[in-house]
Each structure stands twice: as C-alpha cells, then as structure tokens.
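Structure assessment
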Amino acid sequence: MKKRIFAASMVVILAFCLIGFTGSEYLKAEAAQTFEKVNFINGVVIVNKLNLRNGPSLEHDVIGQFKQHKWLNVLAKIGDWYAVFDPESGKVGCVYGPYLANPDTINKQAGKAATPTPANPPPAETPPADTPAPGQGKEADDLSQQEKLLLDLINQERAKSNLSPLMADPELMKVARTKANDMTKNNYFSHYSPTYGSPFDMMRQFGISFKAAAENIAGNSTVEGAVNSWMKSEGHRNNIMNGNYNYTGIGISKSTKYGFVFVQMFIRK
C-alpha cells in the first residue's frame, strides 16, 4: 500500500483556486461571492470550538470542528468568513472570521514584534573566530546520515539560485528532533504541538534567539521524497529558498503512518 504523503508549512501561499470545488469536504463557490486576498497565511483558533462549514454562512453544513489554538492555512476572505485549509485532515471549508486570529496580531497584543522574536532573548553567543563552512565542522559531525542528506539536498536547491547554504545549528537541531519525536509519540501532524505550542513558542522555550523563523513538516517514506514534496509546494519552497534564513534544524522520526516524519526549522540570527 502506498504511504500517504503530507507536507505542511508555516508559510503557505494560496496555491489553488477556490472555484469549482464540490462535495461535503470542499468549499462551493457561488457567483455572488467575492474572494478577497488576505495579508496573512496562517490563522489560530481563539475560541474553545470553531465549526468548519462548507460555505460562508451559518446556513451551510458543518463538516468539521477545531479546538482552541488550532493552526489553519488561510486561503481567502469571503465577507465575514475565511476560506481555510486544514493540513491535518485535508479539509477545505469556511470559518467565521472573528474566531480566527492572525498570529502576528496575537504577538503584537502580547507586546511582541510582528516577526516572532523572544520577549526576553538570551544573551547572544559570540561566534568562534573561525566559523566552519556550511556543511562542515561540529554541526555536520553531529548529524545522522539522513539528517545530513536532507541538509545537502536543501542546500543543493539553494545553490541553484546562488543562495548561501544553510548552517545546521546544534541547538535548533535539538528543537527540531524533539518536535519530530513529539509528533510521532503523540500521533499528530501539525505545526501546533499540544506539548510545546507553536514552533515559535517551542524555539523560545528552548532558548533559541531569532530575528525570523519558519518551519516545514512532512510525512514521507524517504528523505528525497520529503524534499521533493516541499519543493513542489510554493509555501514550503519559499521557506527553503528564503535567503534571509541562515541556520536550520532538522528532525527525523520513524512513523508507522508515514514511514518517517520530517521537521525542518529555519531561523535568521
């Protein structure tokens, strides 16, 4: 039996048109509706329970339900509603707008910057006088064969666009490995961990200081398959090909469902 392949990204661009979908799990577009572009790509549920409907009104059927803190990919706005995609269930539908918040807005209200940064960042570490070249030195020595292969494949893709290779950060490696193990141990596939919260919250808990951050996750039977699925998805590809990121963390955990769960975290220091 072929394994199902899933991939999800903290930065997801609207990658398909919301016209012509039919069926109970898809959004049915109506001629009178106008889809508006939104300026954020992920939303967080801020109420205890939020219904997913197959259209932008209370008259449409409920096709799912999300709990508080659930992260969803936001595709477009339709009046007071958002069209969303749930990477975990694969469902597309509509949720009532006021009950879904932009994570950046939450950060601002909490007194944090729009780009996730620690509220009280730890003292910056002084880099060694001779910084090892990417893919060499202590970082590479600590990587498993699978982790090193994934990093090499990612850096090969970056090299095609003359981007600097990502450095494997030892501390971020610990975070990514912990996230991958957490996903397989607790049997979920989501950027939001029931144990650690969002990737940004998790990084802060582990003392990671960053100016910008992102995360890609995938379920696949091989490293090559995971990287290929990321590169075929605009949102994942944008993370990989973002020249602002200079450090990465990689976690790979065996999964009975997918073969392996892959986590790649990106930061800019």
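As the structure is a computational prediction, the values presented were derived from the model and not from experiment.

Now for the overall build of the protein. Within the protein one finds seven helices and 12 strands. Here the protein, with 269 residues, has 48% of them falling under the buried criterion. Nonlocal contacts in the protein, meaning residues at least 24 apart in sequence, comprise 67% of its contacts between residues at least 6 apart. Of the accessible surface of the protein, which amounts to about 13800 Å², a share of 49% is contributed by carbon and sulfur atoms.

Our next topic: the nonpolar core. The nonpolar side chains of soluble globular proteins are, as a tendency, buried together. Counting 24 residues, the largest nonpolar core has Leu150, Ile154, Trp230, Ile240 and Phe262 as its most contacted members. Contributions of two or more residues to this core are made by α3 (145-159), β10 (212-220), α6 (223-231), β11 (247-255) and β12 (259-268). A per-element tally of this core places α6 first, with five residues.

This paragraph deals with the confidence of the model for the protein. Here the protein averages 77 in pLDDT, and 72% of its residues register 70 or above. Here residues 2-7 is a poorly scored stretch, pLDDT under 50, and it has 21 contacts once near neighbours within four places are set aside; other chains count. Within the model, the stretch residues 9-32 combines pLDDT values under 50 with 63 contacts to residues more than four positions away or in other chains.

Following the criterion strictly, the structure yields seven aromatic pairs and no others. Ring geometry for tryptophan 71 against phenylalanine 200: centres 6.4 Å apart, planes inclined by 55 degrees, an arrangement best described as tilted. With tryptophan 71 in strand β5 (residues 71-78) and phenylalanine 200 in helix α5 (residues 199-205), this pair connects stretches of sequence that are 129 residues apart. Tryptophan 71 gets classed as buried once you look at its relative accessible area, which sits at 9%. Phenylalanine 200 sits in the buried class, given a relative accessible area of 11%. Between the aromatic rings of phenylalanine 189 and tyrosine 258, the centroid separation amounts to 5.5 Å while the plane-to-plane angle is 55 degrees, which identifies the pairing as tilted. With phenylalanine 189 in the loop between α4 (170-185) and α5 and tyrosine 258 in the loop between β11 and β12, this pair connects stretches of sequence that are 69 residues apart. Look at phenylalanine 189 and you get buried, because its relative accessible area is 3%. Given the relative accessible area of 7%, tyrosine 258 is considered buried.

One non-glycine residue, asparagine 162, lies in the positive phi region at around 60 degrees. Mapped onto the elements of the fold, asparagine 162 is located in the loop between α3 and β9 (167-168). Classification of asparagine 162 as exposed rests on a relative accessible area of 73%. The phi dihedral of asparagine 187 falls on the positive side, at around 55 degrees, and the residue is not glycine. Mapping asparagine 187 onto the fold places it in the loop between α4 and α5.

A separate point is the side chain of histidine 191. Take histidine 191: it is sitting in the loop between α4 and α5. Polar side-chain contacts of histidine 191 include one of 2.5 Å to the side chain of glutamate 215.

Moving on, we come to a nonpolar patch on the surface. Taken together, the side chains of Ile46, Tyr96 and Tyr99 define a hydrophobic patch exposed on the protein surface, amounting to about 260 Å² of accessible area. As for its position among the elements, tyrosine 99 is in the loop between β7 (92-96) and β8 (100-101). By relative accessible area, tyrosine 99 is classed as partly exposed at 37%.

Take the pattern of salt bridges next. Per the counting criterion, the structure on display carries eight salt bridges. Of the charged contacts in the structure, one is a salt bridge between arginine 177 and glutamate 147, with a shortest N-O distance of 2.7 Å. Note that arginine 177 is positioned in helix α4 and glutamate 147 in helix α3, a separation of 30 residues in sequence. Taking the relative accessible area as the measure of exposure, arginine 177 reaches 27% and is therefore partly exposed. According to the relative accessible area criterion, glutamate 147 is buried, its value standing at 6%.

Quick look at the pairing of β12 now. Of all 10 residues that make up β12, nine are buried, and the element is covered over most of its length. Pairing analysis gives nine bridges linking β10 to β12, with the strands arranged antiparallel. Within β12, the residue paired with alanine 214 across the bridge is phenylalanine 266. Relative to β12, β11 is paired through nine bridges, and the arrangement is antiparallel. Counterpart to tyrosine 247 in the pairing with β12 is isoleucine 267.

Rules of the game
Residues numbered from 1 in each chain as written. Predicted model: local features only at pLDDT ≥ 70, side-chain atom pairs only at ≥ 80, totals over all residues. Heavy atoms only, no water. Helix = DSSP H or I, 4+ residues; strand = E, 2+ residues; numbered from the N terminus. Buried < 20%, exposed > 50% of the residue type's maximum accessible area, 1.4 Å probe, protein only. Contact = heavy atoms within 4.5 Å. Areas by Shrake-Rupley, 256 points an atom, 1.4 Å probe, with all protein chains shown as cover. Core = buried A, V, L, I, M, F, W, Y, C linked by side-chain atoms within 4.5 Å. pLDDT = per-residue confidence, 0-100. Phe/Tyr/Trp six-rings, centres within 6.5 Å; stacked < 30°, edge-to-face > 60°. Polar contact = N/O pair within 3.5 Å; in protein donor to acceptor, adjacent residues only side chain to side chain. Patch = residues over 30% accessible without salt bridge, like charges linked within 9 Å, V, L, I, M, F, W, Y side chains within 5 Å. Salt bridge = Lys/Arg side-chain N within 4 Å of Asp/Glu carboxyl O. Pairing = 2+ DSSP bridges.

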